[in-house]
Each structure stands twice: as C-alpha cells, then as structure tokens.
Amino acid sequence: MSDIVEKDTAELEILRHSTSHIMAHAVKDLFPEVKFAIGPAIEDGFYYDFDRPAAFAPEDLAKIEKRMKEIIKKNNPFVRKEISKAEAIEIFGQKGENYKVELLQEIPDDTVSLYEEGGFVDLCRGPHLPKTGMVKAFKLLSVAGAYWRGDEKNKMLRRIYGTAFETKEELDAYLNFLEEVKKRDHRKLGKELDLFSLSEDIGPGLILWHPNGAIIRKTIEDFWRNEHIKADYKILFTPHIAKLHLWQQSGHWDFYRENMYSPMEIEEVAYELKPMNCPFHIDIYKSSLKSYRDLPLRYAELGTVYRYERSGVLHGLLRVRGFTQDDAHIFCMEDQIEDEILNILDFTLFILRTFGFESYDIYLSTRPEKYVGSLDNWEKATDALKHALDKKGLAYRVDPGEGVFYGPKIDIKIKDSLNRSWQCSTIQVDFNLPERFDVTYRGSDGKEHRPIMIHRALMGSLERFFGVLIEHYAGAFPLWLSPVQVSVLTIAERHGDYALEIGTALKISDIRTEINTDNEKIGYKIREAAVRKIPYLVIIGDKEVSEKMITVRKRNGENIGPFTAEQFMDIIKDEINGKK
RNA sequence: GCCCAUGUAGCUCAGUCGGCAGAGCACAUCCUUGGUAAGGAUGAGGUCACCGGUUCGAUUCCGGUCAUGGGCUCCA
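Residues numbered from 1 in each chain as written. Chains lettered and ligands numbered in written order. Predicted model: local features only at pLDDT ≥ 70, side-chain atom pairs only at ≥ 80, totals over all residues. Heavy atoms only, no water.

**Q** Got a minute to help me understand the domain arrangement of chain A in this structure?
**A** Interface size, as often reported, equals the accessible area lost upon joining of the parts. Looking at chain A, the domain boundaries give domain 1 (2-181), domain 2 (192-473) and domain 3 (486-577). Placing a centre on the C-alpha atoms of domain 1 and another on those of domain 2 gives a separation of 41 Å. (Domains from an automatic or database assignment.)

Written out as structure tokens, the structure is:
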C-alpha cells in the first residue's frame, strides 16, 4: 500500500517538475530577458523563480498558461544530455545565467545532466516525463517575491506558483479544495460571525475578542482550568511585565531578544513585557523550600505573552504579537520524566479529542549542535520521551538535531477536517532554566538536588487554537462552544409572551439563549439564524402556545419535537455536557 | 524586514480618462401579523486609510506613511 502511494507521489513529482520546466520555457519565449533560478516540485504543485526587473502581473499568468498549452500541444520529447560540469558552466556562463552557474559550482560531480525540450535547455537532475504532451491538467496560481536561496540578504526573485495533476478531475478537486479553504478562512468567518477583530488603532497582531468569540474563549478556558485541577495541576496567575533583570538571568535577553519588545523604564528600573511565563513559575516554585515529596509539581497558567514578530509574517489569529499560552511547567525528578510525559500525552490527546481533532502528526526533536546540559541527561530525557511515545503506541517521526538548545521535545500537529496540519501542542524538557535560577529540592538523602523542568502547551496559544477551531468547524461550532445555543423565534407578535417564558426557562438553566420577537416573517428569522450558524431554533406559533409545547429546528434543517420545555432542555443539556 | 497587490458607508463591492460619491445587505421609522433560508415603503449613514506635493480644483495623478492580503524567512 505504502509502495503504491510512494510510486504515485514520485510520478506526480515528475509531472509537476516537468510542468515547471514547461512554464520556464513559456516564460523564456514571452520574456526573453529573464534569468532562471530554480523550479522544483513542491507538496501541492511547483514553482519557478525568475530574475526579472519587473514583477509578473496576474494578467501575465494567463499569457504564460496559453503559451504553455502550445508547448504541450507540440508534444516535444524531454531529452537528457550529460556533459561535463566545466562545459555546463561555460554554456550557462555565456548565456549570463549566473544562478545556474552558482548552482553548478556547488555540484560535487564532474558530469551534470541537462534536459532539453523544444529547444529550451535547463540544468536539471531529472527525471522528466518522456514528452510535454503528457501534461494533461495544470494551472498557474499566484505570483510572489522570494529571495534567492531563501536568504533575505540575497536578491528578491519573482516566483510563479502553479500546480499539475494527472487528470482534469484531480485538478478540479484540488481547485475546489482551495475554494473550500477560502470559505473556511477564519478571518472571513471571524468577521461574518462577529467573533474577533484587529484594529489599526490598536496595532497589528493584537486581537480583540468580540462577545461571540469571548464566550467561546471563556468556555474553553473553564473547561481547561477544570480539567487541569482534576489532573493535579496548580493554577497560577502572573503579571505581564517583569524587571529586565529577570530576563537577563533566564537567558532570554541573550537568546530571545529579537522577539522581545524594548524595555520600559519605571522609577529608573528597566522592565520587560513578558515573552514567556516560565521565570514567573520558577519564582513561585522558589518561594518556599521544596522536598522530593512535593514532586512532581505541576504549575499551569493561561499566560498572555508578547513577542515581536516581523510585520510580514502576521496572519489573522494564527500568527500574532500578543497571545495566551495554555502553559504549564512541571518540576520533577529525572526518573519521573517518563511518567510525566505519559500523563501529558494522555491529557493532550483527551483535550484535543474533545475539540474534535482525532488525528495527529507527532515529531520527536533531538539534541542540536549547540546545547546545554550533560550528554547523559540528554540521552536519558530523549529515551524517556521515546519510551512514552512507544508505550502509548503513537506513531512519530524523529527530527534529528531539531530540539531546542535546552532539551529534547515532542511536537504534536493536529489535522483538521480538511486534513491540514497545525502546530499546536509542544512538550519540552528543560535542563537550562533550573540551572540558571538555581532551582532545587531536598532529596530523601537530605541533600539539595536539581529538578528537571518540563514545559508544555496543549492548545499552544488560545488565539491560534481558536483560529484552527473556526476553520475546522467552518464556523458551525458544536453546541457546547456555540456563542448562541438556542434562539427562540416567534411567528407573530402575539406569541411573544410564551417565547419569553420558554426563553427565560432556558436561560436560567445556563443555556445561552436568544429570544427573537422581531417584527419579521419566520422565513426571514430562520435565514438570519442559519447564517449565524445557531445550533437550535425553537419555533413558537399558535399551535405551540395552545398545546404548551415547542417545535425545534436543528442547524441542519431537520425538525424535531414537539417537546415540552423540560424534554428539550434534557436533550440539549445532555449534548452540552457530553461536548458532542 | 523584503517583493508584489490592495485600501471607497458597519459588511460585500461599483465608480470618477481630475469638477461637491453609488448599489445590495445591515441599521432606524412606518405598513404588513406572516408556519421553516431574504414581504413592502421611507430614511439616516462616507475627511473615498493617513500625511504631503502637482493643480483653479485631488477620492482620482505623484511621493511618503500606516494597515491588510499573497509569498520569502521564522515560530505558539
């Protein structure tokens, strides 16, 4: 099975790579002055980087596509030619293709391969399709700037993105997927459902949670705190600023300064807006002597942190400058690491599943080149992480050398309903901060020992998690999270009293209820509620009033009932409590 | 931060080749009391992102700034 998938993936890559060459050919025909950089296949398609004084206009894409179709129609063969590297440098040098020359100079082999098709030659390892006519379905998608080799010190090139598939149907399916992604965009839904906003007057990357978003956040926070208390975490609250000195001691001022805001001076002392919660939790730990009997000690906080992010990377709720981490720091002894990781994994999966995320990509990152702590500790901690993952039977990938300098980590990416991955949860072992802050506990031997610290965030940041939730549910939140759970709609004005009676009964039972007695037709009120994705609509007309019953319309259009108010309340309370 | 694009009413968007700005939805008032996705009428609402320049005159042209979007790089 996996063989088949890999074979398909390889074929698709070849197809896309060849399409990328055809695009380069078309660009060469239409814009002879361009120089060529690189044009690989990527996950969802391909791109090619060109050096050209002016950017490509969106209209240019149509022209390039047209030319590409002509090239495809000619059905020229892709011809592989092997020549010596020196010869290739000569050829591309003469053409002024300095990017190709630079690439060539870094190829260790003595011979290199060229591919030619219809007179257009490009340096390429291959493989390629036999003939251009085998490209059946492609589309150019967007233009963008991209640095040569991704380095901002280098020249900005003009990139064109496109995609290609084996069949027209697959291409259409992919284009539909892109449409669906657009429809679910949390920035669009956030506006439509009045969940949150950003404001020019407040500042970029700073989120305003509107009532509808705020009630969802409160629901998430209540759930989170209750579950943490049950799981033997201690809930903390800590300030948003602290003396610069604290950040110097923690090492953040040295290693993390580029993400921190400038200090502010208060009574001649420098203070910093916090980018992390850890030093505060350590301070609380150190406020009294700790015994090995106190460990593991778990401190948790929904801590709001501020980090400088370059203006170009900000993105809705997913990349912001101020955010709230669902943070926790666990102080434990070395031989407790594995059990703690097991606990955290269980807890994480429980929380994520509650929000409807059932599949994950898990990564274990190991020791990087620059690190602190002893090799022995690194090995023990990395093994503990591995054992925990193995014991839970969780599939994971090892990212060698991708750990943070202070310890190994596990990252969990959740997959949403469109099968897209989002980095949220992270579990990191830390050998550094306990050392820097001289954190200790008294062991059974009466001596001082150094605890290990584990940082972990399950949702990561509430802002990002909320953004992912919006897209995952396409704005149609499950009942327990819905800002308005029930809307009571009257057919005519004379039904107002009974609607008020029913609505009030729901409200005092802690069901978020709205009573809509507006002077509008029922069809209009239902449309209005449907647009807002309200899960349950209670319809009140003459029949309901005279029978002392209610009729209910679900979000999917299905009608249920008639119920008594009590029957209906039982049904939805069950659904709310079950977080279904 | 860099490249490109965009910024007009609360929202979605027209428009002015330089001469006091327009639609739909939403909002307000009135008519209508209507049974499952938009009933009708009237009205109010804009320093055309901001600052500067050119011009008799700038929302429109030019320059700058800010913000947003697509990327590059980085991350929760």
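**Q** What's the story with the protein's contact with RNA strand B in this structure? I'm lost.
**A** What surrounds RNA strand B is a group of 54 residues, the closest being Arg-319, Ile-491, Asn-519, Tyr-524 and Arg-527. Between RNA strand B and Arg-187, the relevant distance is 3.1 Å, taken from a phosphate oxygen to a side-chain nitrogen or oxygen of the residue. The contact in question runs from a base nitrogen of RNA strand B to an N or O atom on the backbone of Ile-491, over 2.4 Å. Secondary-structure elements contributing two or more residues to the surface near RNA strand B are β7 (137-147), β8 (156-165), α6 (186-192), β20 (421-430), β23 (452-461), α16 (522-531), α17 (542-547) and β27 (550-554). Of the residues forming the surface near RNA strand B, the biggest block, six residues, is contributed by α16. Across the surface near RNA strand B, the residue classes break down as 20 nonpolar, 14 polar and 20 charged. (Near = heavy atom within 4 Å. Polar contact = N/O pair within 3.5 Å; in protein donor to acceptor, adjacent residues only side chain to side chain. Helix = DSSP H or I, 4+ residues; strand = E, 2+ residues; numbered from the N terminus. Nonpolar A, V, L, I, M, F, W, Y, C, P; charged D, E, K, R; others polar.)

**Q** Would you take a moment to explain the packing of aromatic side chains for this structure?
**A** Aromatic rings considered in pairs are described by the distance between their centres and by the relative angle of their planes. For the structure on display, the rule yields 30 aromatic pairs. Pairing Tyr-233 with Phe-347 gives two aromatic rings, centres 5.7 Å apart and planes at 20°, and the pair type is stacked. Note that Tyr-233 is positioned in the loop between α7 (211-230) and β11 (234-235) and Phe-347 in helix α11 (residues 337-354), a separation of 114 residues in sequence. This pair shows no difference in class: Tyr-233 is buried, exactly as Phe-347 is. Here Tyr-371 and Trp-378 contribute two aromatic rings whose centre-to-centre distance is 6.0 Å and whose plane-to-plane angle is 85°, an arrangement assigned as edge-to-face. Given the relative accessible area of 1%, Trp-378 is considered buried. Members of the aromatic cluster, connected to one another through ring pairs, are Phe-31, Phe-36, Tyr-48, Phe-50, Phe-56 and Phe-120. The positively charged end of Arg-16 is found above the aromatic ring belonging to Phe-165, 4.7 Å away from the centroid. Positioned above the aromatic ring of Trp-209 is the side chain of Arg-217, whose terminal nitrogen or guanidinium carbon lies 4.8 Å from the ring centre. (Phe/Tyr/Trp six-rings, centres within 6.5 Å; stacked < 30°, edge-to-face > 60°. Buried < 20%, exposed > 50% of the residue type's maximum accessible area, 1.4 Å probe, protein only. Lys NZ or Arg CZ within 6 Å of the ring centre and 35° of its normal.)

**Q** Explain α7 to me, please; I cannot follow it from the model alone.
**A** Along an α-helix, residues three or four positions apart point the same way, because every turn accommodates 3.6 residues. A rise of 1.5 Å per residue sets the reference length of α7, with its 20 residues, at 28 Å; its end C-alpha atoms lie 28 Å apart and thus fit the reference within 8%. Looking only at α7, the buried set comprises Gly-213, Ile-216, Arg-217, Thr-219, Ile-220, Glu-221, Phe-223, Trp-224, Glu-227 and His-228. (Expected span 1.5 Å × (residues − 1).)

**Q** It is not clear to me how the pairing of strand β15 (residues 297-306) should be interpreted in this structure. Could you clarify?
**A** Consecutive side chains along a regular strand alternate between the two faces of the sheet. The element β15 is extensively covered by neighbouring structure, given that nine of its ten residues are classed as buried. Across two bridges, β11 lies against β15 in parallel orientation. Counterpart to Lys-234 in the pairing with β15 is Tyr-299. In this sheet, strand β16 (residues 322-332) lies alongside β15 in antiparallel orientation, the contact comprising ten bridges. Of the residues in β16, the one forming a bridge with Arg-298 is Ile-330. (Pairing = 2+ DSSP bridges.)

**Q** Sorry if this is basic, but what is going on with the environment of Ile-572 here?
**A** Note that Ile-572 resides in helix α18 (residues 565-577). Given the relative accessible area of 0%, Ile-572 is considered buried. Linking Ile-572 and Leu-479, residues 93 residues apart in sequence, is a C-alpha distance of 8.1 Å. Among residues more than four places away in sequence, those in contact with Ile-572 are Leu-479, Val-486, Leu-506, Ile-511 and Tyr-536. (Contact = heavy atoms within 4.5 Å.)

**Q** Can you help me understand the state of the cysteines in this one?
**A** This model, assessed by the stated rule, comprises zero disulfides. No disulfide involves Cys-278; its sulfur sits 15 Å from the nearest other cysteine sulfur, which is in Cys-332. Here Cys-278 falls in the buried class, since its relative accessible area comes to 4%. (Disulfide = S-S within 2.5 Å.)

**Q** Explain the nonpolar core here, please?
**A** One broad rule of soluble globular proteins: the nonpolar side chains tend to lie buried together. Grouped together as the largest cluster of nonpolar side chains are 84 residues, with contacts concentrated most on Phe-355 and Phe-568. Tallying contributions element by element places α11 first for this core, with nine residues. When residues are assigned to domains, this core turns out to be shared by domain 2 (192-473) and domain 3 (486-577), each giving three or more. For Phe-355, the contacting residues outside a window of four places in its chain are Ile-220, Phe-223, Met-459, Phe-465, Leu-469, His-472, Tyr-473, Trp-480 and Leu-481. In terms of nonpolar packing, the next biggest core, distinct from the first, is built from 28 residues, Leu-15, Val-34, Phe-46 and Ile-71 among them. (Core = buried A, V, L, I, M, F, W, Y, C linked by side-chain atoms within 4.5 Å.)

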